[in-house]
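Understanding the architecture of this molecule
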Amino acid sequence: MTKKDRSLSSRLSLLRCENYRLPELEERLGEGFAGIGFDRTFLRGRRVLIKPNLLSASPPETAIVTHPEFFRAVLRFVKNGGGRPILVESPAFQPLKKVLEKTGYGRVLEEEGCEVADTRETSTLFYEEGRGFRRFELPKALFEADLVLNLPKFKTHSLTYITGAVKNLFGFIHGLAKSRWHVRAPSRETFSGFLLDLYEALLNGFEHPKPFIHVMDAVLAMEGEGPGRKGRPKKVGAMILGEDALAVDALAVELVGLDPRKVPMLLLGRERGLGETLLERYKLTHLNPGDFEIKGFQPSSSANRFDLGHWPTNTSFFKNLFIERPIPSEQRCTLCYRCMAICPAEAIERAANGEAVPRYDYGKCIRCYCCMEICPEGAVLLKRGRLQWVFGRS
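Keep in mind it's a predicted model, so treat the numbers as computed, not measured. (Residues numbered from 1 in each chain as written. Predicted model: local features only at pLDDT ≥ 70, side-chain atom pairs only at ≥ 80, totals over all residues. Heavy atoms only, no water.)

1. Focus: the overall build of the chain
Check the secondary structure of the chain and you find 13 helices and 16 strands. Expected size for 394 residues packed as a compact globule is a radius of gyration near 21 Å; at 20 Å, the chain falls within 12% of this value. C-alpha atoms of the chain, sized along the principal axes, occupy 60 × 45 × 40 Å. Within the chain, the fraction of its 394 residues that count as buried is 61%. (Helix = DSSP H or I, 4+ residues; strand = E, 2+ residues; numbered from the N terminus. Rg over C-alpha atoms; globule rule 2.2 N^0.38 Å. Buried < 20%, exposed > 50% of the residue type's maximum accessible area, 1.4 Å probe, protein only.)

Here it is as structure tokens:
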């Protein structure tokens with residue numbers, strides 16, 4: 001299969017959106033789609049996949065999930081344009097039905113009417129030009145879609161520095177199958193490379209390439225130890241739209257004042273020609289990052305971590321000295337063992353001898369922080385390596 005010649009629009013929409021009131025969301029969406037040159041008549045009669053971030057069964061105010069009213073506004077945009085909306089998402093651990101109920105999506109789906117794809121029904125997408133990974137098991141609904149609207153939540157991330165438009169596509173992988181990818185790509189750099197392989201396959205691997213538009217919820221974002229319960233909600237008041245996932249992520253990083261040099265997906269993605277992260281090459285419609293005043297947005301404490309892809313940094317000795325490790329809190333842990341179920345390296349065992357927390361084998365731990373991401377109690381903390389201070393790591 002040869003690579004499809006599919007150029008991405010060089011326009012990005014950055015809009016101020018101060019709250020989740022539906023009239024404001026709908027108005028901003030209309031402006032944003034117009035700003036990137038989207039022809040709304042394209043929706044008529046089309047199957048439109050809508051992919052939010054539904055990491056866990058968490059209330060919207062925690063900023064863990066794409067806000068349900070943000071999703072409702074996009075859903076209405078599709079329906080009012082004559083499209084057939086289909087929600088697709090596969091939480092890493094919890095059943096989708098429970099997540100929909102707890103996040104407020106269940107009510108929106110009932111009130112608005114929207115099909116929900118069964119992500120257990122999969123087909124294989126094979127893209128021979130992938131750098132490291134070429135075969136992906138993805139929902140059948142994705143193969144049948146005419147358009148994909150990706151609705152990432154902008155959050156910090158303990159492994160990939162940020163999670164945005166590119167990272168949200170990982171949610172197409174069904175449930176606990178996600179953890180197996182962390183074993184195959186254990187380091188920050190290799191996992192970012194895998195995400196870019198997936199992104200490139202989605203852009204170019206289908207027999208008939210389908211458009212992707214990324215609509216980022218940065219109204220209430222997340223800072224700190226994201227993307228789960230340990231992160232902190234942070235008001236940003238923005239919505240970002242674009243066809244280029246890398247550009248959308250780069251714009252969000254600049255907007256909140258984070259360091260783009262610490263986002264491997266941006267560096268590697270531009271190097272591979274998958275998108276443009278130099279924003280001066282884009283036409284920004286409506287607003288510029290300088291029109292916002294976002295102060296003190298904090299990355300994860302693991303932002304300066306070493307890459308673990310090569311010896312000696314991938315040895316347990318090195319990791320335990322220089323890399324943050326996940327530590328369960330006796331005060332918060334309820335021994336639900338979701339951390340053990342999701343751990344791709346099988347480094348977590350049940351508590352023994354009356355202990356209050358699961359046992360971690362840090363020799364096996366690959367520092368993917370899935371346990372921290374999935375913990376419903378926010379009970380997994382990061383502890384600095386004993387000699388981390390030697391290299392000035394904060």
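2. Some details on the confidence of the model for the chain
On average, the chain scores 91 in pLDDT, and the residues at 70 or more come to 91%. Scored below 50 in pLDDT, residues 388–394 makes 16 contacts in the model with residues more than four places away or belonging to other chains. (pLDDT = per-residue confidence, 0-100. Contact = heavy atoms within 4.5 Å.)

3. Section: unusual backbone geometry
Look at the link from G226 to P227: it is a cis peptide, with omega at 15°. Although it is not a glycine, Y161 adopts a positive phi angle of roughly 75°. Structurally, Y161 can be placed in strand β9 (residues 161–163). Phi is positive for R367, close to 60°, though the residue is something other than glycine.

4. Some thoughts on the pattern of salt bridges
A full pass over the atoms with the stated rule returns 22 salt bridges. R72 is the partner of E111 in a salt bridge, and the nearest nitrogen-oxygen pair spans 2.9 Å. In this pair, E111 sits in helix α4 (residues 105–112) while R72 sits in helix α2 (residues 68–80), placing the two residues 39 residues apart along the sequence. As a salt-bridge pair, E200 and R272 come within 3.4 Å of each other at their nearest N and O atoms. Note that E200 is positioned in helix α8 (residues 188–204) and R272 in the loop between α10 (264–271) and β12 (283–286), a separation of 72 residues in sequence. Accessibility assignment for this pair places E200 and R272 in one class, buried. (Salt bridge = Lys/Arg side-chain N within 4 Å of Asp/Glu carboxyl O.)

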